[in-house]
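Structural overview for review
What follows is each chain in one-letter form.
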Amino acid sequence: MKKAILMLSALTVLTSAVFAGGGKDNSTKTTDVSKPTVMLVTDATGIDDKSFNAAAWRGIVAYYGDTVENPAGRGKLYDAITCQTQDMYIPTLKQVSDEGYDLIMTTGFTFADALGEVSQLYPDQKYMIVDVGYVSKPNVMEFLFTEEQGSFLVGALAALQSQNDGVENPKFGFIGGIPGATITKFEMGYIQGIKHILPNAEIVDYYTNDWGKPELAKAQAKNWYDSGVYAIFSAAGGSGNGTIAQAKEYRIQGRNVWAIGVDSDQYADGIYSGTDSAVLTSMVKRVESSSLYALKAIENNAFKGGVVLLDMKSDGVDFSTANPALSQDVIEKVQAIKKDIIDGKISVIGTYKDALAAGKAPSGLKAMDD
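Only a predicted model underlies this, so the values are computations on that prediction, with no experimental measurement involved.

Rules used throughout
- Here the residue numbers are simple positions, counted from 1 along each chain's written sequence.
- For this predicted model, a pLDDT threshold of at least 70 governs which residues receive local features, and a threshold of 80 or more governs which side-chain atom pairs are given and counted, while totals over whole chains, interfaces and linings are taken from all residues.
- No hydrogens and no water enter the side-chain calculation; it runs on all heavy atoms of the structure.
- Think of it this way: any DSSP run of H or I at least four residues long counts as a helix, any run of E at least two long counts as a strand, and we number them from the N terminus.
- In this treatment the radius of gyration is a C-alpha quantity, and the globule benchmark scales as 2.2 Å times the residue count to the 0.38 power.
- Note on exposure labels: buried denotes an accessible area under 20% of the residue type's maximum, exposed denotes more than 50%, and partly exposed covers the range between, all computed with a 1.4 Å probe on protein chains only.
- In this analysis, two residues are considered to be in contact whenever any of their non-hydrogen atoms come within 4.5 Å of each other.
- For accessible areas, the Shrake-Rupley method is used with a probe of radius 1.4 Å. Any residue's cover is judged against the shown protein chains and nothing else.
- Charge assignment in this entry is limited to Lys and Arg as positive and Asp and Glu as negative, and neither His nor the chain termini are counted.
- Where a charge sits is defined by one atom per residue type, namely NZ (Lys), CZ (Arg), CG (Asp) or CD (Glu).
- Pairing of aromatic side chains here covers Phe, Tyr and the six-membered ring of Trp, requires ring centres within 6.5 Å, and sorts the geometry by plane angle: under 30 degrees stacked, over 60 edge-to-face, intermediate tilted.
- Our definition puts a charge over a ring when NZ of Lys or CZ of Arg is within 6 Å of the ring centre and also within 35 degrees of the ring normal.
- Note: two strands are recorded as paired if DSSP finds a minimum of 2 bridges between them.
- The convention used is that axes are lines fitted to C-alpha atoms, helices contributing only their stretch in contact, and that angles between N-to-C directions extend from 0 to 180 degrees.
- The cut-offs work like this: below 35 degrees is roughly parallel, past 145 is roughly antiparallel, 65 to 115 is roughly perpendicular, and the gaps in between are oblique.
- Take the far helix as the reference: if the near one is turned anticlockwise from it by less than a right angle, the crossing is left-handed, and if turned clockwise, right-handed.
- Put simply, Ala, Val, Leu, Ile, Met, Phe, Trp, Tyr, Cys and Pro go in the nonpolar bin, Asp, Glu, Lys and Arg in the charged bin, and everything else, Gly too, in the polar bin.
- Note on terminology: a nonpolar core comprises buried Ala, Val, Leu, Ile, Met, Phe, Trp, Tyr and Cys residues joined through side-chain atoms within 4.5 Å.
- The method works on a 1 Å grid over the protein atoms by themselves. A cavity is a set of points holding a 1.4 Å probe that cannot get out, a pocket is an open set with protein on both sides within 12 Å along at least five of seven lines, and residues with an atom within 4 Å of a point line them.
- Grid points are joined across faces, edges and corners, and a volume is the space filled by probe spheres set on the points.

Helix and strand content of the chain: twelve helices and 15 strands. Over its C-alpha atoms the chain spans a radius of gyration of 20 Å, differing by no more than 12% from the 21 Å that the globule rule assigns to 370 residues. On the principal axes, the C-alpha backbone points of the chain span a range of 60 × 45 × 40 Å. The buried share among the 370 residues of the chain stands at 58%. If you take every contact in the chain between residues at least 6 apart in sequence, the share linking residues at least 24 apart comes to 70%. Of the roughly 15000 Å² that the chain leaves accessible, carbon and sulfur atoms contribute 51%. When the 33 basic and 44 acidic side-chain charges of the chain are each reduced to a single mean position, those positions are 3 Å apart.

Another aspect to go through is the packing of aromatic side chains. As enumerated under the stated definition, the model contains 13 aromatic pairs in all. On the numbers, 5.8 Å between centres and 70° between planes, the contact of phenylalanine 174 with phenylalanine 233 is edge-to-face. Here phenylalanine 174 is found in strand E7 (residues 171–176), whereas its partner phenylalanine 233 is found in strand E9 (residues 229–235), with 59 residues between them in sequence. Judged by its relative accessible area of 0%, phenylalanine 174 is buried. Here the aromatic residues Phe174, Phe186, Tyr190, Tyr207 and Phe233 are joined through ring pairs into a cluster of three or more. Above the face of the tyrosine 63 ring, lysine 35 is positioned so that its terminal group lies 4.6 Å from the ring centre. Against the face of tryptophan 258 rests arginine 251, its NZ or CZ located 3.6 Å from the ring centre.

Time to look at the sheet that holds strand E10 (residues 258–263). An order of E8-E7-E9-E10-E13-E15 is seen for the six strands of this open sheet, with the pairing classed as mixed. Of all strands in the sheet, those bounded by a partner on one side alone are strand E8 (202–207) and strand E15 (317–319). Strand-to-strand twist in this sheet, taken as the mean axis angle between neighbours without regard to direction, amounts to 15°. In this structure, strand E13 (residues 279–285) lies alongside E15, joined through three bridges in antiparallel fashion. Residue pairing across strands places valine 284 opposite aspartate 318, the latter belonging to E15.

Look at helix H3 (residues 52–63) against helix H10 (residues 287–299): their axes get within 7 Å of each other, and the N-to-C directions meet at 40°. It follows from the interaxial angle that H3 and H10 lie oblique. Regarding H3 and H10, the two cross each other, and that crossing is right-handed. Residues Phe52, Ala55, Ala56, Arg58, Gly59, Ile60, Ala62 and Tyr63 of H3 pack against Val287, Glu288, Ser291, Leu292, Leu295, Lys296 and Glu299 of H10. Split into classes, the residues belonging to the contact of H3 with H10 amount to nine nonpolar, two polar and four charged.

Membership of the largest hydrophobic core comes to 100 residues, with the highest contact counts inside it found for Met141, Phe143, Phe172, Tyr190 and Phe233. Of the residues forming this core, the biggest block, eight residues, is contributed by helix H6 (residues 147–164). The next biggest cluster of nonpolar side chains, apart from the first, holds 15 residues, and it includes Ile175, Tyr225, Ile232 and Ile244.

Counted by the stated rule, this structure contains two cavities of 30 Å³ or more. Quantified by volume, the largest cavity comes out at close to 200 Å³. Lining the largest cavity are 21 residues, and of these Phe52, Asp131, Ile183, Trp211 and Gly237 sit closest to its centre. Among the elements of the structure, H3, helix H7 (181–197) and E10 are those that each provide at least two residues to the lining of the largest cavity.

Moving on to the pairing of strand E14 (residues 306–310). With four of five residues buried, E14 lies mostly within the body of the structure. Pairing between strand E6 (residues 140–145) and E14: five bridges, direction parallel. Note that in E14 the partner of leucine 144 across the bridge is leucine 309.

Shown next as C-alpha cells:
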C-alpha cells in the first residue's frame, strides 16, 4: 500500500499549536471532556530523557494547556508509560489498547515492528509513531522529520564557531544511539554541514547501541576531547547526556570543547556557571509538533493513517541560538544557510550510501541506512 504523504506547512503546525493552547482558560482544560485522551508509550529512557521523549511529552501537556512542571491533567486525560525493555513493547501496547484511549503515541523506530503487529489487532484504535514511515496501517499516523537538514545547520555552526575561536585543523565527533536510517540522517547532515565550511575537516563517529547508557557516551567523549576533538554532536537519546556531562567537566577546567544537543534545546542542561553552557547549540527537532498535530486531528475528526513530513520549511527542524557564546556573525551565517536549504539552493543528503557516492561523507563510518 502506498503511503499518503501529507506535506505539513508551517501554518498548519502553528494553527495546531494555537488552537490546542489557546481560547479557553487553562484551569478548565484538564476537565474538558471534549478533548481526546492520549497515552504516550516510551522506551526505557522515559519522558525525562531531556531529548526525544521529553519533546513528545511537552507537546502533549501543551495541548491540554498544562506544563511539564504542572501536568494537572495527567491520569485524567493523558499519561505516559515506560517500557524498560523492548520485549515489553507488545504487551504494553496491548495493555493500553484495552484501556480506551483515543490516541496511543509511540516514539522512535524501535517501536515500529511492535506497533505494526498490535495495530492490526486493534483496527479501531488510533495510533501514532514518530521517526517511522513504513508501518503503513490505516489506523497509524506516522511522522517523519528531515533531521539531515537541521543537523546540517549545527554542523555548519560548529565549524564556523571553530573558525571564530581560531582553532587550527579542528576535529569533530558524532555519537549515535542504535544505528538505523533515522540516526544516519542526523550524522550525514552534520558531516555535510561541517564540510560546507571546512571541506577537509576530520570527523569520527561512535554508536552506543543503546538509548540509555550515558556512561558510554561520556567515556567516548572524554577520549575524543583528549585527542583534540572540538565539538561532539550526539543523537543518542538519554545516552547523549554523557557527552554533555563530559563537556561540562572540561569547560569548567577551561578547555575549549563543546557538546551539541539534539531534539530539544539542551542549552540549560549544559549550564555550569551563570549563563555559561557546554552545549554550543542544539539540533531542535520539534517532536512536540507531531503530538499537537495528531491530537488536533482527532479532535477535529480528521485523523488519517499515513505519513506526515515535518521539514525545515514547515518548522519541523531548526537550530538553537540560546548560548550567549555564539557570535552574532556566526548566527547570521547559519541563518543564511538555513534560507538556502529552504529555498533549495543547498540540498542535504540523508543516506550514507548517497552521501558517500557524492563525496560528501568519509568512508569507514558506522552509520547504517537500514
